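Observations on chain architecture
Residues per chain are reported as follows:
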Amino acid sequence: MNNELVMMFEDNPSICDRFEKLFIELKIELKLKTYNQLEDFKKAIYSDENYKIIKVLIFDLAKDKAEERQQKFEIESLVNENYHKNRIPIFIHSGFIELFTNFSDKGTVFKIEKSADSMLEICNKIKLMEESGFLNIFCINGLIEGKIMEELHKAFTEQFKNNEIEEIIKSIKENSNNDLKERTIDVFERIAVRSLYQSLMSAKKICNENIKEVSVNSVEHYYRRTSKYKFWTGDIFQNKNNKEMIIILTPQCNISNNNYDELLLCKICPVSDITATTKKETLRRAIVDDVKLPFICERWRYLVKTPLFEGGKIDFTKYFTLKTETFLSNYNYVISTSEELSNDIVRKFSSYLLRSGISVTEINEAFYYIKNYLDNRE
């Protein structure tokens, strides 16, 4: 058993015993520590010995019968603290789960009502996260943190040559308006982040001295944007009234500079052409935007269904514009598309608008000219 922890607050000894047995039965390698006194639990969480090796927290809401009667739970503040300060899954396991209304849509907080099967449900989730390695990705001193620090060091040591740092600072100082420090920090932060991003998001890696293409999971095409912009190119929104999905196609440069009169939007239609019997090859061609498919042509762009987004197809014939105020009052944010996907969508939309054709040619008359030319050449 390793020294990584699952820490649980529970005042019922029989429940603690059941969890311990399930950990053994399911071969969960994490060490389970249980506490029945809230103060002891708090001290244990924040101790130097435990804090950096906790992988999962399990909370019972009521610490005693008095809290059950009053339906007010002191432990709620501890849940909030750990949600905002630690990057680990949190389980709320309580017979009063309906009274805990916080975090109703948060995928890292699992609210599970006590029942005959609830303990097994929690343990199965922990087992899945453990065996997949998920618990070591986001946590303190986890894989992402280590990878970011490694790449950040490279961005510092390998990004600059000769006298480049001094020249960059001089260029800022020459044109700064009493904001030298702030501007310098902004510039070098962006240099580091761009280097870091390109390294982490690179689609290729070295494998046995060969370059191997890395396939992305479809879920990587979507993310929940945390920037301060209320909307951005490639954001998907839903109409508050009719639940219709749209995507924003206004270019990034226009949004960032507030250089537009109305937002350019395009409707996303449900995909009814794909069923459980659709062949994998057909789906593959849909994902890479193959125009030969019946539901993928020059007027549509297929969006893959994932756990983050229900998917659909953008219909480039159904574009329209709205004033910002009207848009924000009638639509709710759903998800954002990755920059590479949003760029591809905008590119295809532009191609659709700029498509051109030629009048239908009478083939027999055209053939006459060709035949006549060939006859004369002979």
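In short, a report on the structure. The shown structure was predicted, so the numbers you read here are calculated from the model rather than taken from an experiment.

Each pair of packed helices gets described by two things: the angle between the helix axes and the distance between those axes. Contact pair helix α6 (residues 143–158) / helix α8 (residues 180–200): the axes reach a minimum separation of 9 Å and the direction vectors enclose 125°. By the angle class used here, α6 and α8 are oblique. For the element pair α6 and α8, the recorded crossing hand is right-handed. Facing K147, I148, E151, L152 and A155 of α6, the residues of α8 in contact are A192, S195, L196, S199 and L200. Residues of the contact of α6 with α8, tallied by class, amount to 6 nonpolar, 2 polar and 2 charged.

Looking now at the pairing of strand β4 (residues 90–94). Along β4, 5 of the 5 residues are buried, which leaves the element largely enclosed by surrounding structure. Side-chain alternation along β4 places I90, I92 and S94 on one buried face and F91 and H93 on a second face that is also buried. The pairing of strand β3 (residues 54–59) with β4 spans 3 bridges and is classified as parallel. Bridging from a neighbouring strand, I58 pairs with F91 of β4.

Moving on: the sheet that holds strand β11 (residues 263–269). Pairing is antiparallel across the open sheet formed by 7 strands, whose spatial order is β8-β14-β9-β10-β11-β13-β12. Edge positions in the open sheet fall to β8 (222–223) and β12 (300–303), since each of these has one partner strand only. Sheet analysis places strand β10 (residues 245–248) next to β11, joined by 4 bridges and oriented antiparallel. The residue bridging I247 from the neighbouring strand is C266, located in β11. The strands touched by helix α12 (residues 339–353) within the sheet are β8, β10, β11, β12, β13 (312–322) and β14 (331–337), with β13 carrying the most contacts at an inclination of about 70°.

So, about the side chain of R301. Locating R301 in the fold gives a position in strand β12. In this structure R301 comes out as buried when scored by relative accessible area, which is 9%.

Definitions and limits used
Residues numbered from 1 in each chain as written. Predicted model: local features only at pLDDT ≥ 70, side-chain atom pairs only at ≥ 80, totals over all residues. Heavy atoms only, no water. Axes fitted to C-alpha atoms, helices over the stretch in contact; angles between N-to-C directions. Helix = DSSP H or I, 4+ residues; strand = E, 2+ residues; numbered from the N terminus. Parallel < 35°, antiparallel > 145°, perpendicular 65-115°, else oblique. Left-handed = near helix turned anticlockwise from the far one by under 90°. Contact = heavy atoms within 4.5 Å. Nonpolar A, V, L, I, M, F, W, Y, C, P; charged D, E, K, R; others polar. Buried < 20%, exposed > 50% of the residue type's maximum accessible area, 1.4 Å probe, protein only. Pairing = 2+ DSSP bridges.

Without other data, these values stay purely geometric and don't point to any function.
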